Amino acid sequence: RIQKDSNVQCFRAWSGTNPFLPGDDICPKACKGTCAFKRQLGVYDRDVFIPSRQVCSAGDECATNPCGTGQTCKDPNAAPSSLNDYVCSCDADPSIKATGAAATCTMDECTANPSPCGADQDCNDPDTSYGSQHDFVCTCKSDSSITKVDGPALCSKDECAAGPCGTGQSCNDPKPTAKDIKDYTCTCDNDPATKATGAKATCELDECSTSPCGSDQDCNDPDTKYSAHNDFECICKADPSVKKIGAAATCSKDECASKPCGTGQTCNDPSPAIHTVKDYICTCDNDPATKATGAKATCVLDECTSNPCGADQDCNDPDTKYSAHLDFECSCKADATIKKIGTAATCSKDECASKPCGTGQTCNDPSPTIHTVKDYTCTCDSDPATKATGAKAICVLDECTSNPCGADQDCNDPDTKYSSQLDYECSCKADATCAS
């Protein structure tokens, strides 16, 4: 009889009723697949060890149940050389599958770290199948009636976050739970003993305590409730009939603040009382002896004293009153007919500024006066002896002089004018037909 040794086993992915047979190289009929030698293993035949026999390789990898419980295994290719190609499909959700390993058929969303619900809440995933996501339920530990699906529940609510007490009061919520509402306390900043629960406190504030009116005025706050802002009244001590609510009154008026004297004059108000008007004095900056009371002074200013026309021009200021600005006249010394009012005249003109000679030529204007025209000279850069007056010079440029064709070619420039460039012709010395 054939006895199977307890230490003799099929290789991984091999199966059969009897992995070794004595005798000739014949696979067991119960096996499916092909035979392969493995000399390290053997069987006992009537207590005699037979060291070398053939082994049957099983092609169906699903035979060893690699997917486990709750999954279906399918091996699409039973060839011995095709390993780890079996497919595991979840019985609960066949769309979830994996190749060569067990599929992930369940997912408890509550096992995430950190917890999706937070430390103050319990998490429960009613359906842990992989296809059922975002269905976990968060329940407040402090109040199990507060729940939320797919997200943390609102277990607490600080009513002070909305600023219910407003400005000038501090807010405190002793129980910031979602169900405890209107239990916040408003306390007056300027009087901590004054407070209210679930509403604003009625705080008192005497706005006159900060002296908003100044030392020359009396202050009166008719309503000292905190909500009654800017209702204080400022009254001028010098004249109680002058008053203002919510800001300091204008007990004095400096008439110079509006700059009645204008430019070039200094203003002084000797008695800036609100009822004293037209007593300001305007004094000319360039002549302090010249002044006027309650109006602008008539100051003299010769604009030509600053030499605005330049050394080559004469200047004349027909009206030296300060108010007559930019009326001076500049006239050219070389040509008195050329003049301009309010700025220097143009007594010279360089005709070369407009670049009349173009590229490859140098321009020179020997007498750049405004009335001397067309006397500029154009000189060829390539041939300084070639020039023209009042027009472009006809310059000669033989492009072949720079040997652009090379040593093995002849060069010919049919037109050596400077304006005619890149018209030279190269021809091969060895073969005249290769000219380009």
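Residues numbered from 1 in each chain as written. Predicted model: local features only at pLDDT ≥ 70, side-chain atom pairs only at ≥ 80, totals over all residues. Heavy atoms only, no water.

So, about the overall build of the protein. Helix and strand counts for the protein stand at 0 helices and 28 strands. Split into buried and exposed, the 436 residues of the protein put 30% on the buried side. Residue pairs in contact within the protein that sit at least 24 positions apart in sequence constitute 19% of those at least 6 positions apart. (Helix = DSSP H or I, 4+ residues; strand = E, 2+ residues; numbered from the N terminus. Buried < 20%, exposed > 50% of the residue type's maximum accessible area, 1.4 Å probe, protein only. Contact = heavy atoms within 4.5 Å.)

All right, on to the state of the cysteines then. For the structure on display, the rule yields 23 disulfides. Disulfide pairing places Cys62 opposite Cys73 at an S-S distance of 2.0 Å. Between Cys62 and Cys73, the disulfide has an S-S torsion of -75° and is therefore left-handed. One end of the pair, Cys62, is in the loop between strand E5 (54-57) and strand E6 (71-74); the other, Cys73, is in strand E6, with 11 residues separating them in the sequence. There is a disulfide in this structure between Cys90 and Cys105, and the S-S distance comes to 1.8 Å. Across the S-S bond of Cys90 and Cys105 the torsion is about -95°, and the bridge reads as left-handed. Here Cys105 lies in the loop between strand E8 (97-99) and strand E9 (121-124) and Cys90 lies in strand E7 (residues 87-90), a separation of 15 residues in the sequence. Under the relative-accessibility criterion, Cys105 is labelled buried at 18%. (Disulfide = S-S within 2.5 Å.)

The subject of this paragraph is the environment of Thr69. Inspection of the secondary structure assignment puts Thr69 in the loop between E5 and E6. A relative accessible area of 82% means that Thr69 is categorised as exposed. Between the C-alpha atom of Thr69 and that of Ala102, which follows or precedes it by 33 residues, the distance is 9.7 Å.

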